[in-house]
Amino acid sequence: MDAEKNKYSIIVPTYNERLNIALIVYLIFKHLRDVDFEIIVVDDGSPDGTQEIVKQLQKLYGEDRILLRPRAKKLGLGTAYIHGLKHASGNFVVIMDADLSHHPKYLPSFIKKQLETGASIVTGTRYVTGGGVHGWNLMRKLTSRGANVLAQTLLWPGVSDLTGSFRLYKKSVLEDVISSCVSKGYVFQMEMIVRASRKGYHIEEVPITFVDRVFGSSKLGGSEIVEYLKGLIYLMVTT
Amino acid sequence: MKHVLKLLSLLVVISALWIGLLQASIIPQSHTWLLPIYFIVSLGCYGLLMVGVGLMRFPTCPQEALLLQQDIAEAKDFLKQKGVDVGSD
């Protein structure tokens, strides 16, 4: 594949990311200087004026580089990706979070890994040497590790970080995998990578660092754990 | 094949081996009857060990938070100059 002809469509779902979206766009442009890419912002009707900021960014960087494809209200991550995909003109698609927990400086390493290996999917992992997490307390790390060991034992997924959502896909592969996924939330991310693994797609990993900026809010209550277990059972039975 | 079926077939194979051992009496029967318990306990211990080891070796990156703050400051400077509103969250 001729590297020069590759175009990367970066889908960023947003909800109330008025400041972060500007920062992330700047950082993407900073780290992908010689790469042909476009950023597709899928905003779910943010009340904080995120879309206004995106329009300002469009004036600065060009409407061909930043696409604003909003939706009327919060409709979920999976459908946000599907929506973004419809407008993607690249042959590769990157999905990442808008809150800067995923740092654009890793984008070149994703691209490099894919070019070196010809992989269909390159997924970022926080759990290997070179990667890491900041901002998690002991309890959070314990649940994360426990959840990971359980998932590895039950699912044999072939990747070290199942719930990560910083990934590069060949566009055709993303279209294929996403059409068979029905879960919501982070179980959706797990379902995507497990289904891809079952379908035999070549998956590679690159280490990434994850800075959790949502200080103080514990995303892991009892109901989250129940959802996770239900998700594991669902994936065991249907993949 | 669905993954749960793979796991069940593995379980069936292990059970067949266990029943075989019971009938062949290579190991004294009293021990053989306890094998499944040993197996489950070992599996549990292995799991706990993996969690513990993983927790100890959990990769952290405190310097990344600092670098991120620098990146944010740099981005804000640039964008402010260019007329993008980077006011408060």
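This section reports on the structure supplied with the text. Note that the coordinates shown come from a computational prediction; the quantities given were computed from them, not determined experimentally.

1. As for the pairing of strand β4 (residues 92–95) of chain A
The two faces of the sheet receive side chains in turn, since in a regular strand these alternate between them. Residue and element names in this part refer to chain A. Where burial is concerned, the two faces of β4 agree: the one with F92 and V94 and the one with V93 and I95 are both buried. Direction of pairing for strand β1 (residues 8–14) relative to β4: parallel, over a ladder of 4 bridges. Paired with S9 across the bridge in β4 is V93. Sheet topology note: the β4/strand β7 (residues 167–170) ladder contains 4 bridges and is antiparallel.

2. A short note on the nonpolar core
Counting 46 residues, the largest nonpolar core has I10, V25, L57 and M96 of chain A as its most contacted members. Of all elements in the fold, only β1, α1 (18–31), β2 (37–43), α2 (50–61), β3 (66–68), β4 and α4 (107–117) of chain A together with α3 (62–81) of chain B reach the threshold of two or more residues within this core. Sorting elements by how many residues they give to this core places α1 of chain A first, with 10 residues. Sequence-distant contacts of V25 of chain A, defined by excluding residues within four places in its chain, comprise I39, L57, Y61 and I66 of chain A. Among the nonpolar cores identified, the runner-up in size contains 33 residues, and I121, A147, V177 and M190 of chain A belong to it.

3. A closer look at the interface of chain B and chain A
Each partner contributes to the interface: chain B provides 35 residues, whereas chain A provides 43 residues. Interface area, chain B with chain A, both sides summed: about 3,400 Å², of which 70% is carbon and sulfur. When the buried area of chain B at its contact with chain A is split by residue, H3, F58 and L68 of chain B rank highest and sum to 18% of it. One can count 4 salt bridges joining chain B with chain A. Across the salt bridge formed by K105 of chain A and E64 of chain B, the nearest N and O atoms sit 2.7 Å from each other. Our enumeration of links across chain B and chain A arrives at 16 residue pairs in polar contact (both at pLDDT 80 or more). No other element matches α3 of chain B, which puts 12 residues into the side of chain B that touches chain A. Its residues placed into classes, the side of chain B that touches chain A shows 20 nonpolar, 7 polar and 8 charged.

What counts and what doesn't
Residues numbered from 1 in each chain as written. Chains lettered and ligands numbered in written order. Predicted model: local features only at pLDDT ≥ 70, side-chain atom pairs only at ≥ 80, totals over all residues. Heavy atoms only, no water. Buried < 20%, exposed > 50% of the residue type's maximum accessible area, 1.4 Å probe, protein only. Helix = DSSP H or I, 4+ residues; strand = E, 2+ residues; numbered from the N terminus. Pairing = 2+ DSSP bridges. Core = buried A, V, L, I, M, F, W, Y, C linked by side-chain atoms within 4.5 Å. Contact = heavy atoms within 4.5 Å. Buried area = accessible area lost by both parts, 1.4 Å probe. Salt bridge = Lys/Arg side-chain N within 4 Å of Asp/Glu carboxyl O. Polar contact = N/O pair within 3.5 Å; in protein donor to acceptor, adjacent residues only side chain to side chain. Nonpolar A, V, L, I, M, F, W, Y, C, P; charged D, E, K, R; others polar.

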